[in-house]
Amino acid sequence: MRLSTLRHACRNLPTPSVHQPRTGVRVFGLAKSSLRLGPSSNSQLLLRAASSVSGTTSAEKAPKLGKQTDGPGYENTIRENVQRTKEEMVALQRGHPALKPTLAIIQADEDDRLLELNKKMAGKIGLNVTQICLPRECTEDEIIEEVLKLNEDPRVHGVYLHLPPASLTSRVLNTLRPEKDVDGVSDLNVGRLVRGDMNQGFIPPMANAVMELLARHDTPMEGRIVLVVGGEGPLGVALQCLMQRRGMVVLHSRRSSEVLQKQANAVVLLAAGHMDVPPTWLRPGTAVIHCGSALMTDHGMEMSGVGPLTAALRMQNVVQSSSRWAQGQQYRPWTLRSLKLQPLSPVPSDIEISRAQTPKPVDQLAQEIGLLQEETEAYGRTKAKVRLSLLDRLREQPDGKYVLVAGITPTPLGEGKSTVVIGLVQALSAHLKLNSFACLRQPSQGPTFGVKGGAAGGGYAQVIPMEEFNLHLTGDIHAITAANNLVAAAIDARMLHEATQKDKALYSRLVPSVNGVRRFSPIQISRLRRLGISEIDPSALTPQEVSSFVRLDLDPAKVTWQRVVDTNDRFLRKITVGQASTEKGHVRETQFDIAVASEIMAILALADGLGDMKTRLGRMVVGSSRSGQPVTAEDLGVSGALAVLMKDAIKPTLMQTLEGSPVFVHAGPFANIAHGNSSVLADKLALKLVGEDGFVVTEAGFGADIGMEKFFNIKCRASGLRPNVVVLVATVRALKMHGGGPNVSAGSPLPREYIDENLSLVVKGCSSNLRKQIQIAHLFGVPVVVALNVFKTDTQAEIDLVCQMAKESGASDAVPCHHWARGGRGSVELAQAVKQAGSQPSHFQFLYSQETPIVEKIRMIAQKVYGADDIELSPEAQAKIDYYNQQGYGKLPICMAKTHLSLSHLPEKKGTPTGFTLPIRDIRASIGAGFIYPLVGTMSTMPGLPTRPCFYDIDLDPVTEEITGLF
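A brief report on the enclosed structure follows. (Residues numbered from 1 in each chain as written. Predicted model: local features only at pLDDT ≥ 70, side-chain atom pairs only at ≥ 80, totals over all residues. Heavy atoms only, no water.)

Side note on the overall build of the protein chain
Next, step 1: Scanning the protein chain for helices and strands turns up 33 helices and 39 strands.
Next, step 2: Relative to its full complement of 967 residues, the protein chain shows a buried share of 57%.
Next, step 3: By sequence separation, contacts in the protein chain at least 24 residues apart represent 75% of the contacts at least 6 residues apart.
Next, step 4: Taken as a whole, the protein chain presents about 39200 Å² of accessible surface, with 51% of it coming from carbon and sulfur. (Helix = DSSP H or I, 4+ residues; strand = E, 2+ residues; numbered from the N terminus. Buried < 20%, exposed > 50% of the residue type's maximum accessible area, 1.4 Å probe, protein only. Contact = heavy atoms within 4.5 Å. Areas by Shrake-Rupley, 256 points an atom, 1.4 Å probe, with all protein chains shown as cover.)

As structure tokens, then:
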């Protein structure tokens, strides 16, 4: 087919548009090409070199090499391939309307004829094209830099390197991702072809074109002798593989050889440049295919060779690559490999158990649960951040079952909810072979080094490596600390500058002249809009508008924002700032909270994406002006910077259990003044990953009266998620305490009542606290399975009694759990009970409507959840309610801040207290997080260190770098 014929066939194709980038030239249009070995590798069918005429052969009757095409049949071959690819393209876009298959071409000053041929072929099929133009003298590193960018661009599905042969080094070719190597010349793709594994690889389009042309020859493929001249490199390897697979005999030569060519039925010239093949060297009917130049000129006549067919087959590979990409975006079934446990007796320390297990590499775990390579960001070998793009990829995927682990009112020692979560997930995944995910809160380092210790579970139900889980992890709490304290610094700095400068000076500094031009920043324009000022020219504001803009007029006595640190430091509970002479006497009292008490932590846990988090950060109220108006982080101009500090923290961290089950660790808001649950995003990601028949198990802080109630009324309201099952954790120890047993405290020996069998105390505890917590769950219409966390001091009679009374109190089931000593195998019965309960219809409902007034919301929680007769509002609390209603905050949910050690406001009142009035001494608001929190009694937001903190036992071996003492 002559070039003029090709131009005629493509005359109606759209012409790509050209855009000028900062470096080089990029062309964006409708056509695209794949990875290319440069013009020297493009193929051209020259002729059927010698033909049989009347049974005789002569050089005179053989057409002159280079002056005859293969006729209309060749055009048909191209047309058929183009039509087939167009049909595949239509089918692909029918199933994926948003997909825009795109080819990227990297060009370095090559012959534009071949480039335009590929563009036109791509345009005919409907592919998008991005073209990157590099100088002809570009270096290998410059090419690789562009290739790496294209590797990471999800919009690009194939890359064509239209470069001089010298630029196509092995390093360049193998930098290109194999899935985008649509010319199939990287080592991996050539290896796949040789191995016969083409599920992910590509047949090089030039080699494929040669095979199609050979197939049109009269001689049968099997047994045909083919001479390949100049067949070094990936193209030659691929061609030889394809030929041998079809039963051909392949001869090799670096240059044309009369002896070899007289033996061949076909000659393929792969070397660059024009090769003379005298007709007298060829057997009758020999096919000659020249791959040295795609568009050759002979006696002033341009010949169209294998170039058009190669281009058509290249586009076919691009469409195939796009189809594979689309398929790869679909939900992937799990291939989870469980890790084996060999529990020892007696059970070793937590850190010894953790260190005895070898965790899977996190990239392997990610692959097993269906994550794509680009969806994870590894932090070392055993943990990784997971990108939120997963939610968009799996948006059509049905969610799995949603399980909440809560507990009865705990003792100060804790009843092991985290351990139950991990044991249950290990049982579901490793033993029932059901996809399951644990979603846990990140522990604060304050309690880790203080009195509580870590929160990675315990015994043979742990997250590993437990040292990494309990310490810095991926730095989320550090990011929250930095963001929180940036707000605090901005508050004090702004109050100082407003107090020491006139309006004009403030304005000139807030809106400075840069290169003679003054402009408002975007966040300042947002403030102008909130003030009702439409002007965006800084010089056009009136003096009154300038004053309104620059004066936040924060009242120092009404600043509600505190600094934070992730350490138990009792001496920071009340501090004085501004005592340096440079602060000009602007002294005020303030305090530090522990980092997890920051509103930013609560926001992280409730946000459903980066945009939502940024909005919530902006509307955080940090105090009030002297006129009583709320002042926000956006008013301070700091909300954009906060989003920058938090952009990585918003991604959940992927880890694993001792048995290799996946875990998301994300957020850990203070469970007294905040909702005390892990993040909405972790739950949403996990629910998509487990699939419709899988299970996501998450945990609520403290007892069901606090953590579970907040989970339902705050977290579920924010997320739109609805739980299927509540697992209520109980212990014989806690039930005995609620039945009238003596108090217990950390660090003190347990009284005999908790070591010896005492059925009377168990009965009283079940009849009071356990029954009440089950009833609280039923208020929300969710079935309850009681998990009795068994300790070695529990007797069989006590265990049987608890399970019996739990079912009599309305639990769907009640089972003993031995995960601490046995791992997942010790919680199989619990897993089966949860599976059964999860198969039942859920009748979830909120306790109150958003429209319910603030006072009535508080009263409903106090009466229906805690069992109070009524509430009593202090004058200050009533004034705050009036203020919040005036500001439009009345529809926010309620987050009660009360003790976790009793259903009432009095920690010493165990069991199920009755006949009490719940006092509300104050009411505060976390507007960014989106809730009102009434204060019941005195809530400390900064824990203190005991006489003997945990850090006495924590140490590091400087040789092995092993940590000891964590638990």
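Considering the nonpolar core
Across soluble globular proteins, you tend to see nonpolar side chains buried next to one another.
Next, step 1: By size, the foremost hydrophobic cluster in this structure holds 88 residues, and its most contacted members are F437, L654, F664, F712, L770, V786 and L918.
Next, step 2: The element contributing the most residues to this core is helix α32 (residues 854–866), with eight residues.
Next, step 3: Discounting residues that sit within four places of it in the chain, L918 has contacts with A862, Y866, A868, D870, I871, E872, M896, H905 and V936. (Core = buried A, V, L, I, M, F, W, Y, C linked by side-chain atoms within 4.5 Å.)

Some remarks on the packing of helix α22 (residues 610–618) against helix α24 (residues 639–646)
Next, step 1: Where α22 meets α24, the closest approach of the two axes is 9 Å, and the angle between their N-to-C directions is 135 degrees. Viewed along their axes, α22 and α24 adopt a mutual orientation that is oblique. Two packed elements cross with a definite hand, and for α22 against α24 that hand is right-handed. Contacts between α22 and α24 involve M613, K614, L617 and G618 on the former and, on the latter, S639, L642, A643 and M646. (Axes fitted to C-alpha atoms, helices over the stretch in contact; angles between N-to-C directions. Parallel < 35°, antiparallel > 145°, perpendicular 65-115°, else oblique. Left-handed = near helix turned anticlockwise from the far one by under 90°.)

Let's talk about unusual backbone geometry
Next, step 1: In this structure, P346 follows S345 across a cis peptide bond, with omega equal to 0 degrees.
Next, step 2: Residue placement: P346 occurs in the loop between α10 (306–328) and α11 (350–356).
Next, step 3: The residue after I464, namely P465, is reached through a cis peptide bond having omega -10 degrees.
Next, step 4: Examined against the element boundaries, P465 turns out to sit in the loop between β18 (461–464) and α16 (466–470).
Next, step 5: Look at N515: it is not a glycine, yet its phi comes out positive at around 55 degrees.
Next, step 6: Examined against the element boundaries, N515 turns out to sit in the loop between β19 (513–514) and β20 (517–518).

Structural notes on the sheet that holds strand β26 (residues 621–625)
Next, step 1: Overall, antiparallel pairing links the three strands, which are arranged β21-β26-β27 in an open sheet. For this open sheet the edge positions go to β21 (554–559) and β27 (630–632), each flanked by a neighbour on one side alone. Shown here is a sheet whose adjacent strand axes are inclined to one another by a mean of 50 degrees, direction ignored.
Next, step 2: Here β21 pairs with β26 via two bridges, running antiparallel. (Pairing = 2+ DSSP bridges.)

Notes on the pairing of strand β29 (residues 662–665)
Next, step 1: Every second residue of β29 is oriented toward a common face, with P662 and F664 on one face and V663 and V665 on the other, all of them buried.
Next, step 2: Of the strand pairs in this sheet, strand β16 (residues 436–440) and β29 are connected by three bridges, and their pairing is parallel. Bridging from a neighbouring strand, A438 pairs with V663 of β29.
Next, step 3: Where strand β28 (residues 653–657) hands over to β29, the hairpin turn is made up of four residues, of which G660 adopts a positive phi near 80 degrees.

Focus on a nonpolar patch on the surface
Next, step 1: Together, L413, L750 and I755 line one region of the surface with nonpolar side chains, adding up to about 190 Å² of accessible area.
Next, step 2: The residue L750 is located in the loop between α27 (732–738) and α28 (759–779) in this model. (Patch = residues over 30% accessible without salt bridge, like charges linked within 9 Å, V, L, I, M, F, W, Y side chains within 5 Å. Salt bridge = Lys/Arg side-chain N within 4 Å of Asp/Glu carboxyl O.)

A few points about the packing of aromatic side chains
Each aromatic ring pair is characterised by the separation of its centres together with the angle its planes make.
Next, step 1: Counted according to the given criterion, the structure contains 14 aromatic pairs.
Next, step 2: Aromatic ring contacts, followed pair by pair, group Y402, F711, F712, F780, F844 and F846 into a single cluster.
Next, step 3: Lying over the aromatic face of Y160, R314 brings its terminal NZ or CZ to 4.6 Å of the ring centre.
Next, step 4: In this arrangement the basic side chain of R717 is found over the ring face of F846, its NZ or CZ atom lying 4.2 Å from the centre. (Phe/Tyr/Trp six-rings, centres within 6.5 Å; stacked < 30°, edge-to-face > 60°. Lys NZ or Arg CZ within 6 Å of the ring centre and 35° of its normal.)

Topic: the pattern of salt bridges
Next, step 1: The tally for this structure, following the rule as stated, stands at 42 salt bridges.
Next, step 2: Ionic pairing is found between K149 and E146, a salt bridge with its closest N-O pair at 3.9 Å. Of this pair, K149 and E146 both sit in helix α4 (residues 140–152), three residues apart, which is roughly one turn of the helix.
Next, step 3: Accessibility expressed as a relative area gives 6% for E146, which makes it buried.
Next, step 4: In this structure, K385 and D476 form a salt bridge, with 2.6 Å as the shortest nitrogen-oxygen distance.

Things to note about the state of the cysteines
Next, step 1: Throughout the structure, instances matching the rule amount to zero disulfides.
Next, step 2: With no disulfide partner, C803 has as its closest neighbouring cysteine sulfur the one in C817, 8.4 Å distant.
Next, step 3: Relative accessible area serves as the criterion here: at 8%, C803 is assigned to the buried category. (Disulfide = S-S within 2.5 Å.)

Digging into helix α3 (residues 112–125)
Next, step 1: Here α3 is 14 residues long and its end C-alpha atoms lie 20 Å apart, about the 20 Å a rise of 1.5 Å per residue gives.
Next, step 2: The set of residues buried in α3 consists of L114, L115, L117, N118, K119, M121, A122, G123 and I125.
Next, step 3: The positive-phi residue at the C-terminal boundary of α3 is G126, with phi of around 100 degrees. (Expected span 1.5 Å × (residues − 1).)

Quick look at the pairing of strand β36 (residues 922–926)
Next, step 1: Most of β36 sits out of view: four of its five residues are buried.
Next, step 2: With antiparallel pairing between neighbouring strands as the criterion, β36 and strand β37 (residues 931–935) make up a hairpin whose turn holds four residues, including G930 at a positive phi of roughly 100 degrees.

A word on helix α33 (residues 875–886)
Next, step 1: Between the first and last C-alpha of α33 there are 17 Å, a value that for 12 residues agrees with the 16 Å anticipated at 1.5 Å per step.
Next, step 2: Looking at the buried positions of α33, the neighbouring elements they touch are α32, β34 (870–873), β35 (917–920), β36 and β37.
Next, step 3: Note on α33: the residue one or two positions beyond its end, G888, has a positive phi of about 85 degrees.

Here's the deal with the packing of helix α25 (residues 680–690) against helix α26 (residues 704–719)
Next, step 1: In contact at an axis separation of 10 Å, α25 and α26 are set at 65 degrees when each is read in the N-to-C sense. Where α25 crosses over α26, the handedness of that crossing is right-handed. Contacts between α25 and α26 pair V680, D683 and K684 from the former with F711, K715 and S719 from the latter.
Next, step 2: When its residues are assigned to classes, the contact of α25 with α26 shows two nonpolar, one polar and three charged. (Nonpolar A, V, L, I, M, F, W, Y, C, P; charged D, E, K, R; others polar.)

What about the side chain of T419?
Next, step 1: Looking at the secondary structure, you find T419 in helix α14 (residues 417–431).
Next, step 2: Judged by relative accessible area, T419 falls into the buried class, the value being 10%.
Next, step 3: Those residues in contact with T419, other than ones at most four positions away along the chain, are G457, G458, A461 and H819.

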